[in-house]
Amino acid sequence: MKAWATIVAFLLIALNAYAGPSDYYSKHHRFKAIKTTHYIKISKDGHPKALLELPRRYKEREKWPLVVNIHGYTGNIFLQYILTRLSNYKDILGFMILTPQGRTDRDGNTFWNGGNFCCDFYETGVDDTLYMKNLIDYIASHPDFNRVDTRRIYYFGHSNGGFFAYKMACAYPNYVTAVGTLGASLDLRDENGEIIVEQDPCPQASAIPIFHIHGTKDKSIPYAGKDYMPEYDFGHIGARQAVERWLYHNRCDMQGDQKKTNASLFIWGKETRVETFSNCENQATVKLATVRRGRHIELLRYRFYKKMLKFFLKYQKSSIE
């Protein structure tokens, strides 16, 4: 999880010149520019400012979907921005994008309380799901950017951010329309160190579309899962096991369609197998994208992220209650 610093250089080389989350299009397209970048701080408990970016034609529509882009352990807004580049599609596909930042632990590492495994290692008990709920409530009611379509709120999380996205879907299901993750999973053991036998990760929630991405060479969150007993009373299940739990939750057929694609920027050929389980309750499809030889921090192609975003945007649910 701490490999961020070693990859920033080649990330910047792999990407075109990074201009940051700015109003790029206001310099290159003729229209009346608006302020599209906002930094929002609502927490008095240590959460830094979150970055909210609006589509450049924000004033032209009454409602916009919201994509929440969540960094991993030790990450931050900037690193998540260049890892995923999801903001590149906010104007093309039409959505607002929120990139929050977790609190800092006593080692100086940013984290989200995403479950027993990851990553509130000092057991602060911080309720990040409540923080996220309150942050979305604030945005949705603020006069400057209150055009959030509360039926269409999507989460993408890397690593610790993915654990947290899954936890958010269970804690506040009315605030989560669909979830995508990269290099994340679900807890293997509960807070007492007991194996979790419950197959349904969110018994009280309705079916939720899932897009789970995982590399087979992930050493931080191994594809096959990892049990830390007896040294530590925690662990996480494997990628396929996690997806099977979502299949159970969504009441999907266990038989899916498969196809291969080139998702990684740095692996040659069609290295990624995408399994799609579409016969599910409320048409809440589940996808498992297995990146052969993929690492924990994997740069994925623009078009692959575009497919994920388009998958999200197909779905809507009842408004937040």
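For the structure itself, look to the data block above.
The rules behind these values
- Residues numbered from 1 in each chain as written.
- Predicted model: local features only at pLDDT ≥ 70, side-chain atom pairs only at ≥ 80, totals over all residues.
- Heavy atoms only, no water.
- Helix = DSSP H or I, 4+ residues; strand = E, 2+ residues; numbered from the N terminus.
- Buried < 20%, exposed > 50% of the residue type's maximum accessible area, 1.4 Å probe, protein only.
- Areas by Shrake-Rupley, 256 points an atom, 1.4 Å probe, with all protein chains shown as cover.
- Pairing = 2+ DSSP bridges.
- Axes fitted to C-alpha atoms, helices over the stretch in contact; angles between N-to-C directions.
- Contact = heavy atoms within 4.5 Å.
- Disulfide = S-S within 2.5 Å.
- Expected span 1.5 Å × (residues − 1).
- 1 Å grid on protein atoms, 1.4 Å probe; cavity = no way out; pocket = protein on both sides within 12 Å on 5 of 7 lines; lining within 4 Å.
- Points joined across faces, edges and corners; volume = space filled by probe spheres on them.
- Nonpolar A, V, L, I, M, F, W, Y, C, P; charged D, E, K, R; others polar.
- Phe/Tyr/Trp six-rings, centres within 6.5 Å; stacked < 30°, edge-to-face > 60°.
- Lys NZ or Arg CZ within 6 Å of the ring centre and 35° of its normal.

A.B. asks: Help me get a handle on the overall build of the protein, residues and values and all.
C.D. replies: Broken down by element type, the protein carries 8 helices and 14 strands. A burial count over the protein gives 56% of its 321 residues as buried. Accessible surface computed for the protein: about 14,700 Å², of which carbon and sulfur atoms make up 48%.

A.B. asks: Before we move on, could you go through the sheet that holds strand β14 (residues 286-291) and cite the residues and values that matter?
C.D. replies: Spatial strand order, β1-β2-β4-β3-β7-β8-β9-β14-β13-β12: 10 strands in an open sheet with mixed pairing. Of all strands in the sheet, those bounded by a partner on one side alone are β1 (37-40) and β12 (257-261). Direction aside, neighbouring strands of the sheet carry axes that sit 15° apart on average. In this structure, β1 lies alongside strand β2 (residues 50-53), joined through 4 bridges in antiparallel fashion. Among the inter-strand pairings, T37 is bridged to a residue of β2, identified as E53. Contacting β1, β2, β3 (64-70), β4 (96-99) and β7 (148-158), helix α5 (residues 128-141) crosses the sheet at an angle of about 140° to β7.

A.B. asks: Pulling in residues and values, what's your account of the state of the cysteines?
C.D. replies: What the rule picks out here adds up to 3 disulfides. Across a sulfur-sulfur distance of 1.7 Å, C118 and C119 are joined as a disulfide pair. Taking the torsion about the S-S bond as the criterion, the C118 to C119 disulfide, at about -55°, is left-handed. C252 shares a disulfide with C280; S-S distance 2.0 Å. Looking down the S-S bond of the C252 and C280 bridge, the torsion is 110°, so its handedness is right-handed. Of this pair, C252 sits in the loop between α7 (239-249) and β12 while C280 is found in the loop between β13 (272-277) and β14, placing the two residues 28 residues apart along the sequence.

A.B. asks: Outline helix α8 (residues 302-313), supporting the account with residue identities and numerical values.
C.D. replies: Counted at 1.5 Å a residue, the expected span for α8 with its 12 residues is 16 Å, and the 16 Å between its end C-alpha atoms agrees. Of the positions making up α8, those classed as buried are F304, Y305, M308, L309, F311, F312 and L313.

A.B. asks: So what's going on with empty space enclosed by the protein? Which residues, and what values?
C.D. replies: A probe matching the size of a water molecule, rolled over the atoms, marks out where space remains unfilled. With the rule as written, the count across this model stands at 1 cavity of 30 Å³ or more. The calculated volume of the largest cavity comes to roughly 40 Å³. In this structure, the largest cavity is lined by A169, P173, V176, A205, S206, A207, I208, H249 and K317. Taken together, the residues of the lining of the largest cavity break down into 6 nonpolar, 2 polar and 1 charged.

A.B. asks: Give a description of the packing of aromatic side chains that names residues and reports values.
C.D. replies: A complete count under the given rule lists 15 aromatic pairs for this structure. On the basis of an interplanar angle of 10° and a centroid distance of 5.1 Å, the ring pair of W112 and F164 is categorised as stacked. Linking W112 in the loop between β6 (110-111) and α5 with F164 in helix α6 (residues 160-171), this pair joins segments that are 52 residues apart in sequence. For F164, a relative accessible area of 0% gives the class buried. Connected via pairs of aromatic rings, a cluster forms that spans Y154, F211, F304, F311, F312 and Y315. If you follow R85 out to its NZ or CZ, it ends over the ring of Y302, 4.7 Å from the centre. A cation sits over an aromatic face here: R147 above Y58, 5.4 Å from the ring centre.

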